[in-house]
Amino acid sequence: MQVPLLDLKAQYVTVKDEILAAIAEVMESQHFILGPKVEECEKAIANYSNCQFAVGVTSGSDALLACLMAENIGPGDEVITTPYTFFATVGAISRLGATPVFVDIDPVTYNIDVSQIAGKITKKTRAIIPVHLYGQMADMDLIMALAESHKLVVIEDAAQAIGSEYKGRRAGSIGHYGCFSFYPSKNLGAAGDGGMIVTNDTQRAEKLRVLRGHGSKPKYYHKVVGGNFRLDALQAAIVLAKLPHLDSWTAGRQRNAKAYDCLFVEAGLAEAGSGKSNVTLPKVAMERHIFNQYVIRVSQRDQLQAYLNNHGVGTEVYYPVPMHIQECFAYLGHKAGDFPKSESAANETLALPIYPELSEDQLRYVVDSVNDFAGQVKSREAAQESGPSHSSKA
Ligand SMILES: Cc1ncc(COP(=O)(O)O)c(C=O)c1O
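Residues numbered from 1 in each chain as written. Predicted model: local features only at pLDDT ≥ 70, side-chain atom pairs only at ≥ 80, totals over all residues. Heavy atoms only, no water.

**Q** It is not clear to me how helix 7 (residues 233–242) should be interpreted in this structure. Could you clarify?
**A** Two residues of an α-helix separated by three or four positions point the same way, owing to the 3.6 residues in each turn. Most of helix 7 sits out of view: 9 of its 10 residues are buried. For helix 7, the complete set of buried residues consists of A233, Q235, A236, A237, I238, V239, L240, A241 and K242. For helix 7, the side-chain oxygen to backbone nitrogen distance between the N-cap and L234 is 3.2 Å, and the N-cap itself is D232. (Buried < 20%, exposed > 50% of the residue type's maximum accessible area, 1.4 Å probe, protein only. Helix = DSSP H or I, 4+ residues; strand = E, 2+ residues; numbered from the N terminus. Polar contact = N/O pair within 3.5 Å; in protein donor to acceptor, adjacent residues only side chain to side chain.)

Next comes the structure, spelled out in structure tokens:
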């Protein structure tokens, strides 16, 4: 059996007519950059995220960059975030000449450990970027309290978390800004790059609109330097066509996550002391988790990944190298061991297929394959224990 990590064709066949009609409408209009479709998409995403404003941009990466630019963050400023994230979070800070300041993760949720943030705040700190990793929100209450008392800006990196919730509040609606990505593998994916920023602040929304068009207002008059961060109408139309399906797709991901949980427990793989290679399941600490990824934790991760690959199961390691030990951030002066929770997550986590269209047989096959691998590990270990000892002679 084949179980790819993600099968976008399985989703496309269910919405093909709607998407092709949306594309045709844009083609007939010949209005490709910003314009009515982008505005319609902005209204819909703002509404979905319980925010007043949304600003369509070129990608989730540019969303983060534009928010930092809107706050005039640059050289001499510090921005707190986690080293266990996709590169874009930290890249945006560094590109503007500001200094990324890392806080290790909570090893259960993989999100920023809020109890360690206060210790990293200095006079230079300007912003905090919590990342809602894998589709589950960071613990926002303490982040917002710290931000308020130290006058910091909070930019939610919600690239993986559209529609997720923290105490009933939607991702992007709690901080000063929320950044979404429409990268095709996201829960709400475009047919190319795209992104959006949500905010409840009129002035910030206006500033972002100016910044995404090279800082021009009125046209050809530039008070600030921005960039070309404009969302195009084709991507907006596709996102709009998919949005009505997002909640049922999310429900499918949540259903699959529950099914995996049950199957792993049934197989005896997810209980402490089962004697097999144990699997740590993802923990839903914040309802609503939208499961952009279903990430397990195992000790022999690379061997398991190779085994699954050989047996037709696609997996991915998000992320093998935490940001503090990336070559391009060597100038920050960190070394291996500085953020141990992030480093062990990078060594032990594995994302399994979780897309909504997976069949029950496919889910079962994935867990059976993990179980077969665990069985092989166990028999190898038993053979080693009972076999002749190979102590080398002095
Ligand atoms: C946590 C996180 N931040 C930022 C981004 C950047 O988004 P994009 O790929 O749309 O630039 C991504 C997605 O790839 C992401 O997963």
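**Q** Explain unusual backbone geometry here, please?
**A** In most cases, non-glycine residues show a negative phi, while peptide bonds are predominantly trans. Between E287 and the following residue, R288, the backbone shows a cis peptide bond with an omega angle of 15 degrees. Mapped onto the elements, R288 comes out in the loop between helix 8 (246–266) and strand 10 (294–297). Geometrically, the link from Y318 to Y319 is a cis peptide bond, its omega value of 10 degrees lying close to zero. Note that Y319 resides in the loop between helix 9 (301–310) and helix 10 (340–348). In this model, K167 sits at a positive phi of 50 degrees, which is unusual for a non-glycine residue. Turning to its location among the elements, K167 is positioned in the loop between strand 6 (165–166) and strand 7 (169–170). Positive phi values are uncommon outside glycine, yet F291 reaches one of about 45 degrees. Structurally, the position occupied by F291 is in the loop between helix 8 and strand 10.

**Q** What exactly am I supposed to notice about the site of the ligand here?
**A** Taken together, 16 residues sit near the ligand, with G60, S61, D157, S181 and K186 positioned nearest. Separating an oxygen atom of the ligand from a backbone N or O atom of G60 is a distance of 2.8 Å. Burial of the ligand by the protein chains amounts to 93% of its free accessible area of 380 Å². Looking at the shell around the ligand, the elements that each hand over two or more residues are helix 3 (60–70) and helix 4 (87–95). The element best represented in the shell around the ligand is helix 3, accounting for 3 residues. A breakdown of the residues in the shell around the ligand according to their chemical character gives 6 nonpolar, 8 polar and 2 charged. (Near = heavy atom within 4 Å. Areas by Shrake-Rupley, 256 points an atom, 1.4 Å probe, with all protein chains shown as cover. Nonpolar A, V, L, I, M, F, W, Y, C, P; charged D, E, K, R; others polar.)

**Q** Looking at this model, I keep getting lost on the side chain of H132. Mind explaining?
**A** Tracing the chain through its elements places H132 in the loop between strand 4 (125–128) and helix 5 (140–150). At 2.8 Å, the side chain of H132 and the side chain of E156 are in polar contact. When neighbours within four sequence positions are excluded, H132 is seen to be in contact with N111, M137, A138, M140, E156, D157, A158, Q160, A161 and A171. (Contact = heavy atoms within 4.5 Å.)

**Q** I'm lost on the packing of helix 9 against helix 11 (residues 360–386) in this one. Help?
**A** Geometrically, a packed helix pair is captured by the angle between its two axes and the distance between the axes. Two elements in contact, helix 9 and helix 11, have axes whose closest approach is 10 Å; the angle formed by their N-to-C orientations is 125 degrees. Classified by the interaxial angle, the pair formed by helix 9 and helix 11 is oblique. Of the two elements, helix 9 crosses helix 11, and the hand of that crossing is right-handed. Every residue of helix 11 that contacts helix 9 at Q303, L304, Y307 and L308 is listed here: V366, S369, V370, D372, F373 and Q376. When the residues that make up the contact of helix 9 with helix 11 are grouped by side-chain class, the tally is 6 nonpolar, 3 polar and 1 charged. (Axes fitted to C-alpha atoms, helices over the stretch in contact; angles between N-to-C directions. Parallel < 35°, antiparallel > 145°, perpendicular 65-115°, else oblique. Left-handed = near helix turned anticlockwise from the far one by under 90°.)

**Q** I'm lost on the nonpolar core in this one. Help?
**A** The nonpolar side chains of a soluble globular protein tend to be buried with one another. Grouped together as the largest cluster of nonpolar side chains are 43 residues, with contacts concentrated most on I45, I117 and I143. Within the residue set of this core, elements represented by two or more residues are helix 2 (35–48), helix 5, strand 9 (195–199) and helix 7. Setting aside residues no more than four positions away along its own chain, I117 makes contact with I80, V103, I112, I128, I143 and L146. The next biggest cluster of nonpolar side chains, apart from the first, holds 29 residues, and it includes Y260, V279, V370 and A374. (Core = buried A, V, L, I, M, F, W, Y, C linked by side-chain atoms within 4.5 Å.)

**Q** Quick question: what am I supposed to make of the environment of E316 here?
**A** With respect to the helices and strands, the residue E316 is situated in the loop between helix 9 and helix 10. Separated by 33 residues in the primary sequence, E316 and T349 have C-alpha atoms spaced 8.9 Å apart. Residue contacts for E316: discarding those within four places in its chain leaves L5, Q305, L350 and A351.

**Q** In this structure, what is going on with the environment of A127? I would like to understand it.
**A** Along the polypeptide, A127 turns up in strand 4. Note on A127: relative accessible area 0%, which makes it buried. Along the backbone, A127 and L208 are 81 residues apart, and their C-alpha atoms lie at a distance of 17 Å. Ignoring any residue separated from it by four or fewer positions in sequence, one finds A127 in contact with I73, E78, V79, I80, L152 and V153.

**Q** Sorry if this is basic, but what is going on with the pattern of salt bridges here?
**A** Where charged atoms from two side chains of opposite charge come close, those side chains can pair. For the coordinates displayed, the defined rule picks out 14 salt bridges. E25 is the salt-bridge partner of K37, the closest N and O atoms lying 3.4 Å from each other. Of this pair, K37 sits in helix 2 while E25 is found in helix 1 (residues 8–29), placing the two residues 12 residues apart along the sequence. Given the relative accessible area of 15%, K37 is considered buried. For E25, a relative accessible area of 45% gives the class partly exposed. Two residues, K167 and D141, come together in a salt bridge whose shortest N-O distance is 2.4 Å. Taken together, the residues K167 in the loop between strand 6 and strand 7 and D141 in helix 5 connect sequence positions 26 residues apart. Residue K167 is classed as exposed on the basis of its relative accessible area, which comes to 61%. (Salt bridge = Lys/Arg side-chain N within 4 Å of Asp/Glu carboxyl O.)

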